[in-house]
Amino acid sequence: MTRRILILGGTTEARELAGTLAGFDVTLSLAGRTAVPARQPVPVRVGGFGGVAGLAEHLRAERVGLLVDATHPYAATISAHAAEAARIAGVALLAVRRPAWQRVEGDDWVEVADVRAAVAALGEVPRRVFLALGRQEVAGFAEAPRHSYLIRSVDPVEPKLGVPRAVYLLGRGPFDAGEERAMLEGHRIEAIVCKNSGGDATYGKIVAARELGVRVVMLARPVLPEVPSIGSVAAAREWVGHWAARRGV
C-alpha cells in the first residue's frame, strides 16, 4: 500500500492538515481560481483534472492511497467528482467538512436556496448590501440594480457588476469582528448576503451583524455525497493515522 495522499484543498483546513501529515507523501491540489493563493506547506498541483474520469486516472497513475476532500463546503461539484473518482479508482476517501454556523439569540437570518432567491429576499426597496460571496455568485445581483453594493473578494471582480452603485474591497480572511463592525458601520450596510461557510475565519461579519441588528441573507449549503467525514483538522489527522495503521502503510 502507498503512503501517498492527495488533498483537494483551497481551504484553511486543507493547508493545516497537509502541514500535520509528516511521514506521508502529500500533494495539495488547488483549483487555480485564486490568482495568488496562500503559501502551502507541501507540493501543490494547480488546475482541474478533467472531470470524474480524469481524477480517477490521476489517482491510479500517481498511486494515491488516500484522497482527502478538504474543499469549501459549497464546492459541491468537486466533492461529487471526488466521491465517484475514489470509488472508480478503488482509493480510500475522507471528507473534511467544517460544521455550519448555527443561529443564536440576536441573529436575524433568512436562509435561501440560491443567488436568485437571495436577490428576491433583498426586496424592492433600495438597500445598502454587503456581498460576502465569491466572484461567480456576485454576477447574479446585476438583476437588482436598485441596491448599492459593497463587494469584497480575494481577487478583483472582473468584469465589474453591472449596477450603478458598487464599491469593491480586496481582502483575505481571517476578519476580526471589530474590524467587520467598523466596515459595516462605515458603509452603512443594511443587509449582508453570504454563505454559511462555517469556521472562525469569516465569522466576524456574523458577530458584527448580530451586534448591529443587520439582516443576513444566508445561502443554504448544498447537498454533498455521503462519504466518511470529519469536522476538524485534529480529528482528520487522527483518522489518517488509523487508516495508515489498518493498512500497514
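A short tour of the structure in this document, coming up. In this text, all values refer to a predicted model and were calculated from it rather than measured experimentally.

A look at the sheet that holds strand β11 (residues 215–219)
- With parallel pairing, 6 strands are arranged side by side in an open sheet as β6-β11-β10-β7-β8-β9. Two strands bound the open sheet, and with one partner strand each, they are β6 (109–112) and β9 (166–170). Averaged over neighbouring strand pairs, the angle between their axes works out to 20° when direction is ignored.
- Running at roughly 150° to strand β8 (residues 148–153), helix α6 (residues 177–186) makes contact with β7 (128–132), β8, β9 and β10 (191–195) of the sheet.
- Sheet strands touched by helix α7 (residues 204–212): β6, β7, β10 and β11. Its angle to β10, the strand with the most contacts, is close to 150°.

Quick notes on the sheet that holds strand β2 (residues 25–30)
- A sheet is described by the order of its strands in space; here 6 strands give the open sequence β3-β2-β1-β4-β5-β12, paired in parallel fashion. Whereas interior strands pair on both sides, the edge strands pair on one side only; in this sheet they are β3 (44–46) and β12 (229–230).
- Sheet contacts for helix α8 (residues 233–247): β1 (4–8), β4 (66–69), β5 (92–96) and β12; angle to β5, the most-contacted strand, approximately 170°.

Some remarks on the packing of helix α2 (residues 51–61) against helix α3 (residues 76–89)
- Packing of α2 against α3 leaves a shortest axis separation of 8 Å and a crossing angle of 50°. As judged from the angle between their axes, α2 and α3 are oblique. Relative to α3, the crossing made by α2 is right-handed. Where α2 approaches α3, its residues Gly-51, Val-52, Leu-55, Ala-56, Leu-59 and Arg-60 are matched on the opposing element by His-81, Ala-82, Glu-84, Ala-85, Ala-86, Ile-88 and Ala-89.

Thresholds applied
Residues numbered from 1 in each chain as written. Predicted model: local features only at pLDDT ≥ 70, side-chain atom pairs only at ≥ 80, totals over all residues. Heavy atoms only, no water. Pairing = 2+ DSSP bridges. Helix = DSSP H or I, 4+ residues; strand = E, 2+ residues; numbered from the N terminus. Axes fitted to C-alpha atoms, helices over the stretch in contact; angles between N-to-C directions. Contact = heavy atoms within 4.5 Å. Parallel < 35°, antiparallel > 145°, perpendicular 65-115°, else oblique. Left-handed = near helix turned anticlockwise from the far one by under 90°.

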